[in-house]
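Residues per chain are reported as follows:
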Amino acid sequence: MSKTARVGRRGRRWFIPAAIVGLALVLIALSFSSGNDTVPNAATSPAPSSTEASPPTTPPSPGTSSKGSNQPTATDLARRQANDPLAIGRPDASLAMVVYSDYQCGYCALWSEKTLPTLVSKYVDAGLLRIEWRDVNIFGPASERAARASYAAGLQGQFESYHHSLFPAGAKRSEAELSDEALFELAAGLGLDTERFRADMNTPETLAAIGANAQEGREIGVQSTPSFIVGADVIVGAQPTESFIASIDAQLASPTQ
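Residues numbered from 1 in each chain as written. Predicted model: local features only at pLDDT ≥ 70, side-chain atom pairs only at ≥ 80, totals over all residues. Heavy atoms only, no water.

Colleague: Would you take a moment to explain the side chain of Ser 165 for this structure?
Modeller: Here Ser 165 lies in helix H7 (residues 159-166). Take Ser 165: its relative accessible area is 16%, and that puts it in the buried class. Residues contacting Ser 165, with those up to four places away along its chain left out, are Arg 173, Leu 186 and Leu 190. (Helix = DSSP H or I, 4+ residues; strand = E, 2+ residues; numbered from the N terminus. Buried < 20%, exposed > 50% of the residue type's maximum accessible area, 1.4 Å probe, protein only. Contact = heavy atoms within 4.5 Å.)

In structure tokens, the structure reads:
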């Protein structure tokens, strides 16, 4: 399936309005949980850093992940397309996970450093978990630029390495470090075809795909980053790795997705 067709499929998610409303209520209710960056309010927040919450110190119980009959699951939202530039893991993996993230989100960086490697080694590499990213770009143009850069890297099969480079040592880069030239230099350092990378960052196809991902986040009510749909569970914030393991193990043991 072409990437243009993939973008077209996103528009059809308006056909599950009840599910979208249900998840919106869940995510809004959870948006004040610890370990996440909330959408900045232009009237009250002078800078995105003012919205950061403290990370959790103990894992929540499995009951803190919310489920409901009107809540869309990863089955509804995961695309499971082999040529998705922003995904890792087998398209036919037992369980799918959708990540709503932002490259200027400190807790997204923390999660990518502390939790993602464990999920990759324990589940993705074993063919059990598929992870797909949707960059919501709530912190502005630098976030959107970085999202386009990660998409361009993904078109060369280097999404995962570029993603981790955008969060060095589990920290977000400054806005200056997300300039066009800084992103090009990062691609060069990873050995990417920089001429193709520059072109791919700015194609109508890339712009449409990145815009559609951000729109999806808005449609389902994402109010803070990172937010996750893990199979049938919603997890908001950079919760401890154990929370993700508990959710994944429980659903793999009793598969419904």
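Colleague: Even after reading the chapter, I still don't get the packing of helix H8 (residues 180-189) against helix H9 (residues 194-201), so can you show me in this structure?
Modeller: At a closest axis distance of 10 Å, the pairing of H8 and H9 adopts a crossing angle of 140°. The angle between H8 and H9 places the two elements in the oblique class. Of the two elements, H8 crosses H9, and the hand of that crossing is right-handed. Contact residues: H8 offers Asp 180, Glu 181, Leu 183, Phe 184, Ala 187 and Ala 188, while H9 offers Thr 194, Phe 197, Arg 198 and Met 201. (Axes fitted to C-alpha atoms, helices over the stretch in contact; angles between N-to-C directions. Parallel < 35°, antiparallel > 145°, perpendicular 65-115°, else oblique. Left-handed = near helix turned anticlockwise from the far one by under 90°.)

Colleague: Just checking my understanding: could you explain the environment of Asp 135 for this structure?
Modeller: Among the secondary structure elements, Asp 135 is positioned in strand S4 (residues 129-135). Using a relative accessible area of 1% as the deciding quantity, one classes Asp 135 as buried. In this structure the C-alpha to C-alpha distance between Asp 135 and Arg 148, which are 13 residues apart in sequence, comes to 9.3 Å. Those residues in contact with Asp 135, other than ones at most four positions away along the chain, are Leu 86, Ser 101, Tyr 103, Ala 147, Ser 150, Ile 210, Asn 213 and Ala 214.

Colleague: Looking at this structure, I do not really get the sheet that holds strand S7 (residues 233-236). What am I missing?
Modeller: Remark on secondary structure: sheet strands pair via backbone hydrogen bonds, oriented parallel or antiparallel. What the five strands build is an open sheet, ordered S2-S4-S3-S6-S7; its pairing is mixed. In the strand order of this sheet, the two ends are held by strand S2 (87-88) and S7, each with one partner. Looking at chain direction, strand S6 (residues 227-230) and S7 are connected through four bridges and run antiparallel. Looking at the pairing, Ile 229 lines up with Val 234 of S7. Along the sheet, helix H5 (residues 116-124) contacts S2, strand S3 (95-101) and S4; its crossing angle with S4, the most-contacted strand, is approximately 145°. (Pairing = 2+ DSSP bridges.)

Colleague: What should I look at first to understand the packing of aromatic side chains in this one?
Modeller: The description of two aromatic rings rests on the distance between their centres and on the angle between their planes. Overall, the coordinates contain seven aromatic pairs when judged by the stated rule. Judged by centre distance (5.8 Å) and plane angle (55°), the rings of Trp 111 and Phe 244 are tilted. Placement of the pair is Trp 111 in helix H4 (residues 106-114) and Phe 244 in helix H11 (residues 241-253), with a sequence separation of 133 residues. Trp 111 sits in the buried class, given a relative accessible area of 3%. In this structure Phe 244 comes out as buried when scored by relative accessible area, which is 0%. (Phe/Tyr/Trp six-rings, centres within 6.5 Å; stacked < 30°, edge-to-face > 60°.)

Spatial relationships are all this shows, so hold off on functional conclusions.
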